[in-house]
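# Breakdown of the fold
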Amino acid sequence: MNREVRIHVSHIGFLCRARKWFVMDYVEGVTAFEVQDMGMPANESLGGYEDWECIYRGTLEPSRTDMGTCWVGDFSAVEKPGIYRIVVKDIDARSYQFMISDGAYSKLPRYFLDFIHDRRSGAFSNDWRRASHLDDAVRSDNGEYVDVSGGWYDAGDLRKWMTMSNLPAIAFSDMYERGYFPWNHFADEHVADNDWVTETAWVIPYLLKMQAPSGYFYEGVGLGGAARRLPGMTWWYENHSGCYGDNSDNRFTDNKVLSGDERKVRTAYNPMVQYITQYILLRSARTVATVDAELARRAVAAAQKSWEYAWSAPIDEERASDLTATKAWKLLAAVELYKRGWIPASVLEEETEALLDLQDRKYGFWYYDVAKESPYRGIQHSAQPLIALCRVYPHSPSEALNRKIEEAVNRHWERYVLPMSRTNPFRIIPYGCWFKPATEDYYRRTPQGLFYRFFMPDCSVQKINHGLSGHWTSWAHGLALASQVFGNRDMEQIAWAQLYWLMGGNQLDSCLISGVGYNNPMPHSRFHGTMVGGFCVGPRGDKNDSIVIDLDRRAEWNSTEYWNCPVANTLMAFSVLLPSSIDERDKLG
């Protein structure tokens, strides 16, 4: 086998009638590839290598993009369910095997759900771990104890971030509302007869505990102190908070209240946390209403109280309230409140117009904040403006507002998303654009004269070069939702491309989900170890904007730590992309 030339394709596979393609490293003199059916031996051998029947032959097409020159092969004509591989016989190159079936991705939702379930904090134990952090926590401002036990851990360790750790609850509600996979594996908890509901119900009491008496939500638990903060570092960076938090509270405790071993709950006001949590509570309330009406009522009341507080909240030090991402989450909360009749149409229109106003008409992107000095970028909320507008559209109070939303989404697609997806053969959306280079790293140029990178800058004063599975899965969710709302099949295909990339179809042939595909990195998961369904935070980039994934077992946090965000985003995307039912003809066999 030629190990110098690699064929990059999703390790999981494709739905039967999806567009199917692969990328191959460039080598002169080859033009053809074949698809082999692994269930049909061409020759058998006990002492040598076997081969399998070719069921499709195709032509390699050269691709010349900002990622360099490579070959691309399309085999969308292969629709029969089966296990296949790509072979280029002229150079003895072979891909990993993959599946074609409308159920190819149907195992992943269970893996993801079980991963989050096993990452519970508080009064939860299983065969391999005991209850933990029953003593969370003491307030960061005055040292008083407040019961904030429960919730889910995140970031490959034991922290609980209100900006991202609870996002799976939205995904669970999406899957439940669309009727996907009505399992009841958690029946012994006696909460509900549906696991999506049971796990959603787990997190709501924690969110209620995280609300201060005045109405706002605390920022998180175990987020750490400022011991590693250097000059120039800020708490917020690229729509992500907590960027200099250290590991001082990233530890197990004795589970004894007021023993002096407690962690801290960060009580600072984070505006994005308010709207994310409001949206989670309002969506979750619908999900649990039939099994616990009182819990649903309390969830709605807490969201309403936080909404009221936010109107007169003090301006936070780093003005995160001005971020476009914050305004997108605020709009999502407003949609849910409007649907419940709690705010008038005028407020929903006002919040929608505020987000629409932050789009650049020439380039199609959103601005980073109200100052309109930099394009929008996000480590984890990358497609949030698009997602918010898609959620408003079916409930818009006026046709005139819907026309504005349609225009904005089309502009975003045609002038930003589609051109950026064409910068590379994998069709991934690069990290983002700048009007001028922000660091000493290598930047590429768009035809319109903007600077961009596929990955985050490596030389930032923040020292945060984050893996971007949250970024690409956000785009998968946003484009899947937009394809459904606006009937654009091309958006659906680009949504899938973001997932193929993370599930093995990248230059390093690494699937970022533990227990799935091939070449999984060893995760930065120091307290709970490797877990099937854990989604690593990578890939990241180097100074030259080339892909980096820690495959050398260094436990590099910024490409391999487990994140709840990509799990949540992928499930949200799946709630749109996966078929609601599968015909027997579209299964293996």
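Everything here concerns the structure above.
### Section: the packing of aromatic side chains
A full pass over the atoms with the stated rule returns 43 aromatic pairs. Aromatic side chains W307 and W311 sit 5.8 Å apart centroid to centroid with 80° between the ring planes, which places their arrangement in the edge-to-face category. Taken as a pair, W307 and W311 lie in helix α5 (residues 293–311) at a separation of four residues, close to a single helical turn. Given the relative accessible area of 3%, W307 is considered buried. Its relative accessible area of 47% is what places W311 among the partly exposed residues. Three or more aromatic residues joined by ring pairs form one cluster here, namely F14, W21, F22, F33, Y56, F75, F98, Y105, W496, Y500 and F574. The lysine or arginine in question, R266, covers the ring of W235, its NZ or CZ lying 3.7 Å from the ring centre.

### Looking at the sheet that holds strand β13 (residues 220–221)
Strand order in the open sheet formed by four strands is β11-β16-β13-β12, and the pairing between neighbours is mixed. Whereas interior strands pair on both sides, the edge strands pair on one side only; in this sheet they are β11 (138–139) and β12 (160–161). Bridge count between β13 and strand β16 (residues 264–266): two bridges; the pairing is antiparallel. If you follow V221 over to β16, its bridge partner there is V265.

### Regarding helix α9 (residues 399–421)
Taking 1.5 Å per residue, 23 residues should reach 33 Å; α9 reaches 31 Å between its end C-alpha atoms and fits that length. Where α9 bends most, the angle comes to about 40°, and this point is W413.

### Some points on the packing of helix α11 (residues 489–502) against helix α13 (residues 564–577)
At a minimum axis separation of 11 Å, α11 and α13 run at an interaxial angle of 140°. Like other packed secondary-structure pairs, α11 and α13 cross with a definite hand, here left-handed. Here E492, A495, W496 and L499 of α11 come into contact with α13, specifically with T570, F574 and L577. Classifying every residue of the contact of α11 with α13 by side-chain character gives five nonpolar, one polar and one charged.

Reading the values: the criteria
- Residues numbered from 1 in each chain as written.
- Predicted model: local features only at pLDDT ≥ 70, side-chain atom pairs only at ≥ 80, totals over all residues.
- Heavy atoms only, no water.
- Phe/Tyr/Trp six-rings, centres within 6.5 Å; stacked < 30°, edge-to-face > 60°.
- Helix = DSSP H or I, 4+ residues; strand = E, 2+ residues; numbered from the N terminus.
- Buried < 20%, exposed > 50% of the residue type's maximum accessible area, 1.4 Å probe, protein only.
- Lys NZ or Arg CZ within 6 Å of the ring centre and 35° of its normal.
- Pairing = 2+ DSSP bridges.
- Expected span 1.5 Å × (residues − 1).
- Bend = angle between axes of the 7 residues up to and from the residue.
- Axes fitted to C-alpha atoms, helices over the stretch in contact; angles between N-to-C directions.
- Left-handed = near helix turned anticlockwise from the far one by under 90°.
- Contact = heavy atoms within 4.5 Å.
- Nonpolar A, V, L, I, M, F, W, Y, C, P; charged D, E, K, R; others polar.

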